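Architecture at a glance
So you can see what is in the structure, the chains are spelled out below.
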Protein chains: 2
Amino acid sequence: MEIVKKKYLSFAGDPEERMHLESGQAIGPVTIAYEVYGKLNHRKDNSILIFHSLTMDSHAAGSYQKTDKEKGWWDGLIGPGKAFDTNRYFIICSNVLGGCKGSTGPSSIDPSTGKPYGMNFPVITLQDMVKAQKILIDFLGVKELLSVAGGSMGGMLALQWFSNYPEITRSVIPIASTWKQSPQQIAFSEVGRQAIMRDVYWNKGNYYEGPHPKNGLSIARMVGHITYMNEKFMEKKFSRKTRHREFCFSFDTEFEIEQYLNHNGDSLINRFDPNSYLYLSKALNYFDVSGEKLISSNNKKQTSFLVISFDSDWLYPSWQSGEIVKFLIARGFSTTYYEISSPYGHDAFLIELKKEAKLIKKFLEKLDNTK
Amino acid sequence: MEIVKKKYLSFAGDPEERMHLESGQAIGPVTIAYEVYGKLNHRKDNSILIFHSLTMDSHAAGSYQKTDKEKGWWDGLIGPGKAFDTNRYFIICSNVLGGCKGSTGPSSIDPSTGKPYGMNFPVITLQDMVKAQKILIDFLGVKELLSVAGGSMGGMLALQWFSNYPEITRSVIPIASTWKQSPQQIAFSEVGRQAIMRDVYWNKGNYYEGPHPKNGLSIARMVGHITYMNEKFMEKKFSRKTRHREFCFSFDTEFEIEQYLNHNGDSLINRFDPNSYLYLSKALNYFDVSGEKLISSNNKKQTSFLVISFDSDWLYPSWQSGEIVKFLIARGFSTTYYEISSPYGHDAFLIELKKEAKLIKKFLEKLDNTK
């Protein structure tokens, strides 16, 4: 994969043409950070839109510089000859509205005050996020999407996209996902939000000029990490191992699992804005395209689905994917469902790349052949 | 059940006779708050020791005054004619060492400074807790225990008791419990501890004269409540219900599950000391009487076991109780195991009283007949 570049599209800059949101509010200007890999063909029908998960961004594949130690978060799936084959497909990935990786979000400057929005940023939904991404693909000249795909929040965005724009969506690949947030998913999100909002440094969201609510974000992330990992795998990886031979009889991090959680919690603050965490997690909690809500009136039943879940994922358990599949089949959609056997829990969508690649490659090739 | 009274036993007041702890430290004086229900018989062999769970206390049954709205936390199981029949048995329940309901803990006055211990309180283990309770039953003149019983931390204390004092323990009833803490259990505890210790008002444990780290404790409790409840039951009880007809598009508590968590989190601060939460959860994480550690050299294999788990409990899942049972049977202990079918998750040990009562009553009667 060649060197990639983050690009930006700005719109709704005219006060008369602000972007209208599901809440009834409006916002502008809006910038969406995005990356593209591969080339749009002459028929303009080889595009695939990739959606990222909660704390990820537009950098799904490749490197910005040759010296980069890490590649994009789904680099194992996106590139020449890979499942999302950049020799054949034009891949687009953008940072969601409300994020903090180049797209407009609560840490962006509010033009009406000249200061970061903070909590003056309007509450957004997954519908608003895909609406902004529709403006991006229109700008890129894409008329039809061969597929929309993503894991976790990315999978939910793929379903939301289909619900809004079925007429230009040939296929949908929701992975480790659901069609509506459950109370347990809302509960875990709420604990994370409360940890942030109850951090004294949160200061009602106005922390950009002072210390950030880093402890709150860290706690939110620690809770998240527990839910991303399967308990049996945790048992295998950490068991009751401690840093020292004998018990410390202190409150320092002592068990290896404690160290893992604290390290991962604390490191998020270097790459994520606490207010964005609030907005994106709230958007997730609002998400519900279950049942008839999935099917818009523009639907012509030509869309194919590849639904993937992981047997060890207890945060987005297989039965939730199963509900979607059952409904789609009953409605006559061409639907393929795989439950991948994996020890990694919810994180599996970022780890089990070989297994995912095999399924995705086959699915996309079949789509190509039925054009 | 008659009106009950909280009593106190103090010991280790002499500087020469402080209580020695597993950590190598020593503490004194130690006060243990306790309650007794029923009467000790002439043979002194009708005693049952009940252990409480994390945030409970010695008040297992009855009322302190006729006007009390709530009775003890296991009142449905303890009383005349009930499973733990106070007409037949002498029931003892004490607040654990490290607690904050009358027993010595971090909020108690450190005699060397005249101020609350705070983090100068020594780190304790479940072994230290049962050691203090052994001193209590010796004081009460109890020579042998007909049974030791408890749910959650109480179940672990019952196993710890047996590991330490098998020769005076005729039976053990661990409910919704484990014989060693798993990394997932440690992980959830650690998030709670970090939420408390990262609250600015925690002040390294010295908050007793100022504002308490109530937000930290609340977050810890919210995480706890998610783990105490089964996801399917959460779905049934809360589903995606909101307080208002339409979405608020704000960060106020909106979904009913959010309100439930915030209410329960915030209410704990009125009845629990954050430092005690740290000490007790850390003691739990150290807990491990798995395998040979369960069997002390004083063991004469006369002890009977009634192990109970709940099929919807994912925090202390049935397979953990199953491990204990398998080991006990292999070692020739008379062991009865029931997995109760219940929707309530880990909380079931406080809710499914009728089902527990039936099993416990039968088990104790059989013990009585084989004296």
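Use the structure listed above.
Presented here is a report on the structure given in the accompanying data block. (Residues numbered from 1 in each chain as written. Chains lettered and ligands numbered in written order. Predicted model: local features only at pLDDT ≥ 70, side-chain atom pairs only at ≥ 80, totals over all residues. Heavy atoms only, no water.)

With respect to the overall build of chain A
- The number of helices and strands found in chain A is 10 helices and 14 strands.
- Its C-alpha atoms give chain A a radius of gyration of 21 Å, within 12% of the compact-globule value 21 Å for 371 residues.
- Overall, chain A is about 65 × 50 × 45 Å in size when its C-alpha atoms are taken along their principal axes.
- Out of the 371 residues in chain A, the part that is buried amounts to 63%.
- Counting only contacts in chain A whose residues sit at least 6 apart along the sequence, the fraction spanning at least 24 positions is 74%.
- With 45 positive and 40 negative side-chain charges, chain A shows a spacing of 5 Å between the two charge centroids. (Helix = DSSP H or I, 4+ residues; strand = E, 2+ residues; numbered from the N terminus. Rg over C-alpha atoms; globule rule 2.2 N^0.38 Å. Buried < 20%, exposed > 50% of the residue type's maximum accessible area, 1.4 Å probe, protein only. Contact = heavy atoms within 4.5 Å. Lys, Arg positive; Asp, Glu negative; His and termini not counted. Charge placed at Lys NZ, Arg CZ, Asp CG, Glu CD.)

Observations concerning the relation of the copies chain A and chain B
- Mapping chain A onto chain B calls for a screw motion: a turn of 180° about the axis and a shift of 0.0 Å along it, with 0.0 Å RMSD after fitting. A rotation of that kind, with that shift, is consistent with a two-fold axis.
- Here 100% of the interface residues in chain A have copies in chain B that are interface residues too; the copies meet face to matching face. (Least-squares fit on C-alpha atoms with pLDDT ≥ 70 in both.)

Observations regarding the pattern of salt bridges
- Here the structure, examined in full by the defined rule, presents 28 salt bridges over all chains.
- Taking the shortest distance from any N to any O, the salt bridge between D266 of chain A and R198 of chain B comes out at 2.9 Å. Of this pair, D266 of chain A sits in helix α6 (residues 256–268) while R198 of chain B sits in the loop between α3 (183–197) and α4 (214–228), each in a different chain.
- By relative accessible area, which is 35% here, D266 of chain A ends up partly exposed.
- For R198 of chain B, a relative accessible area of 17% translates into the label buried.
- The partner of E254 of chain B in a salt bridge is K282 of chain A, and the shortest N-O contact between them spans 3.0 Å. You can see E254 of chain B sitting in the loop between α5 (231–237) and α6 (256–268) and its partner K282 of chain A sitting in helix α7 (residues 274–286), one on each of two chains. (Salt bridge = Lys/Arg side-chain N within 4 Å of Asp/Glu carboxyl O.)

Considerations on the packing of aromatic side chains
- Scanning the entire structure with this criterion turns up 43 aromatic pairs over all chains.
- Considering the side-chain rings of F121 of chain A and Y279 of chain A, the 5.4 Å spacing of their centres and the 85° angle between planes classify their relative orientation as edge-to-face. Taken as a pair, F121 of chain A in the loop between β10 (115–116) and α1 (126–139) and Y279 of chain A in helix α7 lie far apart in primary sequence, 158 residues in all.
- By relative accessible area, which is 2% here, F121 of chain A ends up buried.
- Y279 of chain A sits in the buried class, given a relative accessible area of 1%.
- Grouping aromatic residues by their ring pairs yields a cluster made of Y117, F121 and Y279 of chain A together with F251 of chain B. (Phe/Tyr/Trp six-rings, centres within 6.5 Å; stacked < 30°, edge-to-face > 60°.)

A few points about the interface of chain A and chain B
- Tallying the contact residues gives 59 residues for chain A and 59 residues for chain B.
- Between chain A and chain B lies a buried interface of about 5,200 Å² when both sides are counted; carbon and sulfur atoms form 67% of it.
- On the chain A side of the interface with chain B, the three residues burying the most area are R198, F249 and F251 of chain A, jointly 18% of the side's total.
- Counting the contacts that link chain A with chain B gives 10 salt bridges.
- Among the elements of the structure, α3 (183–197), α4 (214–228), α5 (231–237), α6 and α7 of chain A are those that each provide at least two residues to the side of chain A that touches chain B.
- Partitioned by chemical class, the residues of the side of chain A that touches chain B number 31 nonpolar, 13 polar and 15 charged. (Buried area = accessible area lost by both parts, 1.4 Å probe. Nonpolar A, V, L, I, M, F, W, Y, C, P; charged D, E, K, R; others polar.)

Topic: the packing of α6 of chain A against α3 of chain B
- Axis separation between α6 of chain A and α3 of chain B bottoms out at 9 Å; the angle between their running directions is 50°. By the angle between their axes, α6 of chain A is oblique relative to α3 of chain B. Crossing angle aside, the handedness with which α6 of chain A passes α3 of chain B is right-handed. Between α6 of chain A, through I257, E258, L261 and N262 of chain A, and α3 of chain B, the contact on the second element is made entirely by P183, I186, A187, E190, V191, R193 and Q194 of chain B. (Axes fitted to C-alpha atoms, helices over the stretch in contact; angles between N-to-C directions. Parallel < 35°, antiparallel > 145°, perpendicular 65-115°, else oblique. Left-handed = near helix turned anticlockwise from the far one by under 90°.)

Here we look at the pairing of strand β8 (residues 90–94) of chain B
All names here are of chain B.
- Counting buried positions along β8 yields five of five residues, so the element is predominantly enclosed.
- Where burial is concerned, the two faces of β8 agree: the one with F90, I92 and S94 and the one with I91 and C93 are both buried.
- Relative to β8, strand β4 (residues 30–37) runs antiparallel, the two being bridged by four bridges. Considered in β8, the bridge of Y37 is made with I91.
- For strand β5 (residues 47–51) and β8, the ladder comprises four bridges, and the chain directions are parallel. Paired with I48 across the strands is I91, a residue of β8. (Pairing = 2+ DSSP bridges.)

Quick look at the sheet that holds β5 of chain B
Residues and elements named next belong to chain B.
- In space, the eight strands of this open sheet follow the order β1-β4-β8-β5-β11-β12-β13-β14, with mixed pairing throughout. Both outer strands of the open sheet, β1 (7–11) and β14 (334–340), are each paired with one neighbouring strand and no more. On average, each strand axis in the sheet is tilted by 20° relative to the strand beside it, whichever way the strands run.
- Of the strand pairs in this sheet, strand β12 (residues 171–175) and strand β13 (residues 304–310) are connected by three bridges, and their pairing is parallel. Across the sheet, residue S171 finds its bridge partner in β13, namely S304.
- Strands in contact with helix α8 (residues 318–330) are β13 and β14; relative to β14, the strand with the most contacts, it is inclined by about 165°.

In short, the description is geometric, and any link to function would need to be established separately.
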